[in-house]
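# Notes for the structure review
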Amino acid sequence: MEIPISDIERSVHKHLPGRFVHHINDRGVWERHIVEVTLDGGDVVFFKIQITDWNTTGFEARGVQLFDDNGLPTAPVLAIDVSCEILPNPYLIQAWRGGTRLGALLERADGAAAEQMYEAMGCFFGKMHSIHNERSELLLPFPGAPHPNDYMYQAEIIGGSGKEALTRGRITQATYDRAIALWRDNLDYLKDHQPSLISSSPFLWTIYLKADGLAWRVTKLTPMAELMWWDPAYNLAFLQYPPFGESSASRWGAFLRGYGSEPERKRILLYLVMQRLCAAMGVYREPKNAATEAWADECLDDLGAVLDEIERL
């Protein structure tokens, strides 16, 4: 989608009266079409333009509201426009909030600094997971939608990534059958959780932190449209075993110091099976480079050992 400069200027005039556009940087498409706009005085805002029928604008706005209401850091939403009068799709305008991607920070951090980052993330996610809901569902409920565990079992274990990994020869028929059986036999166990506010995309490139003196703090998560009500262990499996990154006992220990409690090992590993399959099949739209490609090529090598451990628990 090409966004005319004049349309951005008209939108700024409508929603941010008295401000003027100094520079526009089209950041391309990732979930939404992102346009970075520098205003007079150097202030930066982002236009996040919906590109599908899925209501990313509504989900993002709801997620920001929940963070604001509960004292969690996020970039403020300055305007929401669903009229399609200026731009052809719904969009929101969001203020810029600082921070650096976790993956970039870890590339140059020593062990002590990395542990401080993980402890800060433990505090952040502990507070986030303390926000509860009556049921596991999307932030904007969809009548008749299946439980997330039922949906993911069908969509990514039996079908989707699981089936694709089998078809491509990345896993054997025996491994595929074992993954299905373990998820099937543990569905009631997985569904027995306190529905909490989680991010379905807590990746090395979606978690931002900033140094605050000698400490670290999380400044934001992206994209906020990926928040939902579900099992906190789904988040924790990503964080203990980061897709396209390295797991570390010391970092995980630091995370738990901030988080305050240790999740059930079996629950983590069941979600890890699904996440490894999804990562290997490209579901997470990771940054493409030699390192991420090498990780994806090898990430299923120990899947059998993960299944073995689940069977022992």
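Above this text is the structure in question.
Now for a description of the structure that goes with this document. Counting restarts for each chain, with residues numbered from 1 along the sequence as it is written. It should be noted that, the model being predicted, local features are given only for residues of pLDDT at least 70 and side-chain atom pairs only at 80 or more, the latter also being counted only at that level, while totals for whole chains, interfaces and linings use all residues. Neither water nor hydrogens contribute to the side-chain values; these are computed over all heavy atoms in the structure.

### Quick word on the overall build of the chain
Counting its regular elements, the chain contains 13 helices and 11 strands. For the chain, the C-alpha radius of gyration of 20 Å lies close to 20 Å, the compact-globule estimate for 313 residues. Summarising its shape, the C-alpha atoms of the chain cover approximately 65 × 45 × 40 Å along the three principal directions. Across the 313 residues that make up the chain, the buried fraction comes to 53%. Contacts: residue pairs with any heavy atoms within 4.5 Å of one another. For the chain, long-range pairs separated by at least 24 residues make up 70% of all intrachain contacts whose partners lie at least 6 apart in sequence. Residue burial considers only the protein chains on display, and all accessible areas are found by Shrake-Rupley using a 1.4 Å probe. By element, 50% of the accessible surface of the chain is carried by carbon and sulfur atoms, the whole surface being about 14,500 Å². Two residue types count as positive, namely Lys and Arg, and two as negative, namely Asp and Glu; His and chain ends fall outside the count. All charge positions are set by atom: Lys at NZ, Arg at CZ, Asp at CG, Glu at CD. Mean positive and mean negative side-chain charge positions of the chain (30 and 42 charges, respectively) differ by 2 Å. Secondary structure elements are taken from DSSP: a helix is a run of H or I of four residues or more, a strand is a run of E of two residues or more, and numbering for both begins at the N terminus. Based on C-alpha atoms, the radius of gyration is set beside the globule rule, defined as 2.2 Å times the residue count to the power 0.38. Relative accessibility decides the category of a residue: with a 1.4 Å probe and only protein chains considered, values under 20% of the type maximum give buried, values over 50% give exposed, and everything between is partly exposed.

### Topic: the sheet that holds strand β3 (residues 44-49)
At least two DSSP bridges between two strands are needed for those strands to be called paired. With antiparallel pairing, five strands are arranged side by side in an open sheet as β1-β2-β3-β5-β4. The open sheet has two edge strands, β1 (21-30) and β4 (77-81), and neither has a second partner. The average angle at which neighbouring strand axes cross in this sheet is 20°, direction not considered. Bridge analysis of β4 against strand β5 (residues 91-95) gives four bridges, and the strand direction is antiparallel. Think of each axis as a best-fit line through the C-alpha atoms, taken over the contacting stretch in the case of a helix, with angles from 0 to 180 degrees between the N-to-C directions.

### Quick notes on empty space enclosed by the protein
The way it works is a 1 Å grid over only the protein atoms, where trapped points that fit a 1.4 Å probe form a cavity and open points with protein on both sides within 12 Å along at least five of seven lines form a pocket, and then any residue with an atom within 4 Å of a point lines it. Grid points are joined across faces, edges and corners, and a volume is the space filled by probe spheres set on the points. Under the definition given, this model contains three cavities of 30 Å³ or more. Considered as a void within the structure, the largest cavity measures approximately 50 Å³ in volume. Looking at the largest cavity, the residues that line it are Leu 102, Tyr 118, Pro 202, Phe 203, Leu 204, Ile 207, Phe 238, Leu 239, Pro 242 and Pro 243. When its residues are assigned to classes, the lining of the largest cavity shows 10 nonpolar, no polar and no charged. Following the grouping adopted for this structure description, the nonpolar residues are Ala, Val, Leu, Ile, Met, Phe, Trp, Tyr, Cys and Pro, the charged ones are Asp, Glu, Lys and Arg, and the polar ones are all others, Gly among them.

### Notes on the pairing of strand β9 (residues 207-212)
Where strand β6 (residues 100-101) meets β9, two bridges bridge the pair, whose relative direction is antiparallel. Within the sheet, the bridge partner assigned to Thr 100 lies in β9 and is Leu 209.

### Re the packing of aromatic side chains
Pairing of aromatic side chains here covers Phe, Tyr and the six-membered ring of Trp, requires ring centres within 6.5 Å, and sorts the geometry by plane angle: under 30 degrees stacked, over 60 edge-to-face, intermediate tilted. For the structure on display, the rule yields 18 aromatic pairs. Ring geometry for Phe 203 versus Phe 238: centroids 5.3 Å apart, planes at 80°, classification edge-to-face. Taken together, the positions of Phe 203 in the loop between β8 (196-199) and β9 and Phe 238 in helix α9 (residues 232-240) put the pair 35 residues apart, joining distant regions of the chain. Judged by relative accessible area, Phe 203 falls into the buried class, the value being 3%.

### Structural notes on the nonpolar core
The criterion is simple. A nonpolar core is a set of buried Ala, Val, Leu, Ile, Met, Phe, Trp, Tyr and Cys residues joined through side-chain atoms within 4.5 Å. Residues Phe 125 and Phe 255 are the most contacted members of the largest nonpolar core, which totals 81 residues. Per-element tally for this core: the top contributor is helix α11 (residues 265-280), with 11 residues. If sequence neighbours within four positions are ignored, Phe 125 has contacts with Pro 202, Ile 207, Leu 221, Asn 235, Leu 239, Phe 255 and Tyr 259.

### Details of the layout of surface pockets
Any space left empty among the atoms is revealed by the rolling of a water-sized probe across them. The volume enclosed by the largest pocket comes to roughly 840 Å³. Surrounding the largest pocket, 33 residues form its lining, Leu 138, Tyr 151, Met 152, Ser 200 and Met 228 being those nearest its centre. Contributing elements (two or more residues each) for the lining of the largest pocket: β7 (137-138), α5 (148-158) and β11 (227-230). Partitioned by chemical class, the residues of the lining of the largest pocket number 22 nonpolar, five polar and six charged. Considering only enclosed or pocket space, the second largest pocket measures out at about 610 Å³ in volume. Lining the second largest pocket are 27 residues, and of these Arg 27, Ile 34, Arg 101, Tyr 208 and Thr 222 lie nearest its centre.

### A word on the pattern of salt bridges
Put simply, a salt bridge is a Lys or Arg side-chain nitrogen that is within 4 Å of an Asp or Glu carboxyl oxygen. Scanning all chains against the criterion turns up 21 salt bridges. In this structure, Arg 10 engages Asp 7 in a salt bridge whose closest nitrogen and oxygen atoms are separated by 3.5 Å. Linking Arg 10 with Asp 7, this pair stays in helix α1 (residues 5-15), spanning three residues, or about one helical turn. Given the relative accessible area of 44%, Arg 10 is considered partly exposed. Two residues, Arg 217 and Asp 212, come together in a salt bridge whose shortest N-O distance is 3.6 Å.

### Observations regarding α5
The complete set of buried residues in α5 reads Pro 148, Asn 149, Met 152, Tyr 153, Glu 156 and Ile 157. End-on, the buried residues of α5 take up no more than an arc of 130°, which puts them together on one face. Where the residues of α5 are buried, they touch β7, α6 (160-167), α7 (173-185), α8 (187-191), β11 and α11. Here, the arc refers to the directions that run from the helix axis to the C-beta atoms.

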